[in-house]
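# Geometric and topological summary
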Amino acid sequence: YSPRDLVRFHTSVKCCMFTLLGGTPGNGKSSLAKLYFQMLTGSDADSHDRNIRINVQPTWLEARDLEEAQGEGTNYNYKGFLDKARDEKDTLLCACFEEVNLARVEHYMADIIQEIGKRPDVLESEMSEGKWRLPPNIRFVGTCNEDASVQPISRRFYDRCNKIELSVYNREAQIANAFGLK
């Protein structure tokens, strides 16, 4: 990864609840999210207690499809993951949606989009009323391929997340340039 991409990703995760990683298939979007969240939460590669990876299915049409989704390598679903985040308020939890745009993101993530779009004072008043909410200690990352196999992402979703296009990074070229080699 380029140093620029790493800084952009880190800044986005710290400042925004949802970060979207875009680019061509195979450029390391999923690996970046996985490694970053392992480092950030202090969990190892086999631990799924603070990180959950959800493979989006093209058949998802509504929020219920997401709520029932099993996390990859875990024995709990997305709804259970949110409950855990609410119970462990001092622990950062991270959810990565693999290929977020295989289905219409604004349909199955409607509840998330609505919550992210609210002002902090509105969220605060709803917390005191006990309504459903997103806990502040959770971060979302979505990976999105940009090819013919995916659904377009709506402007409504883009308005509520940060999108980072990962650049193609050629480490060998950077090393060669640093040493004056061509």
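Residues numbered from 1 in each chain as written. Predicted model: local features only at pLDDT ≥ 70, side-chain atom pairs only at ≥ 80, totals over all residues. Heavy atoms only, no water.

Per-residue confidence for the protein gives a mean pLDDT of 80; residues scoring 70 or more make up 76%. Least confident of the elements in the protein is helix α7 (residues 120–129), whose mean pLDDT is 55; most confident is strand β1 (residues 18–23), at 92. (pLDDT = per-residue confidence, 0-100. Helix = DSSP H or I, 4+ residues; strand = E, 2+ residues; numbered from the N terminus.)

The five strands lie next to each other as β2-β3-β4-β1-β5, forming an open sheet whose pairing is parallel. Across the chains shown, the open sheet's two edge strands, defined by having one partner strand only, are β2 (51–55) and β5 (162–165). The mean inter-strand angle of the sheet, taken between neighbouring strand axes irrespective of direction, is 20°. Two strands pair when backbone bridges link them, and strand β3 (residues 93–98) and strand β4 (residues 138–145) are joined in this way by five bridges, in the parallel orientation. The residue of β4 that forms the bridge with C94 is R139. Where helix α1 (residues 3–15) meets the sheet, its contacts fall on β1, β4 and β5, and the angle it forms with β5 comes to roughly 165°. (Pairing = 2+ DSSP bridges. Axes fitted to C-alpha atoms, helices over the stretch in contact; angles between N-to-C directions. Contact = heavy atoms within 4.5 Å.)

Bringing the packing of aromatic side chains into the picture now. Within the structure shown, the criterion is met by ten aromatic pairs. A ring pair is formed by F18 and F140, whose centres lie 5.8 Å apart and whose planes are at 25°; its orientation type is stacked. In this pair, F18 is assigned in strand β1 and F140 in strand β4, connecting sequence segments 122 residues apart. Measuring from centroid to centroid gives 5.0 Å for F18 and F157, while their planes differ by 80°, and the two rings are edge-to-face. You can see F18 sitting in strand β1 and its partner F157 sitting in helix α8 (residues 155–158), a full 139 residues away along the chain. (Phe/Tyr/Trp six-rings, centres within 6.5 Å; stacked < 30°, edge-to-face > 60°.)

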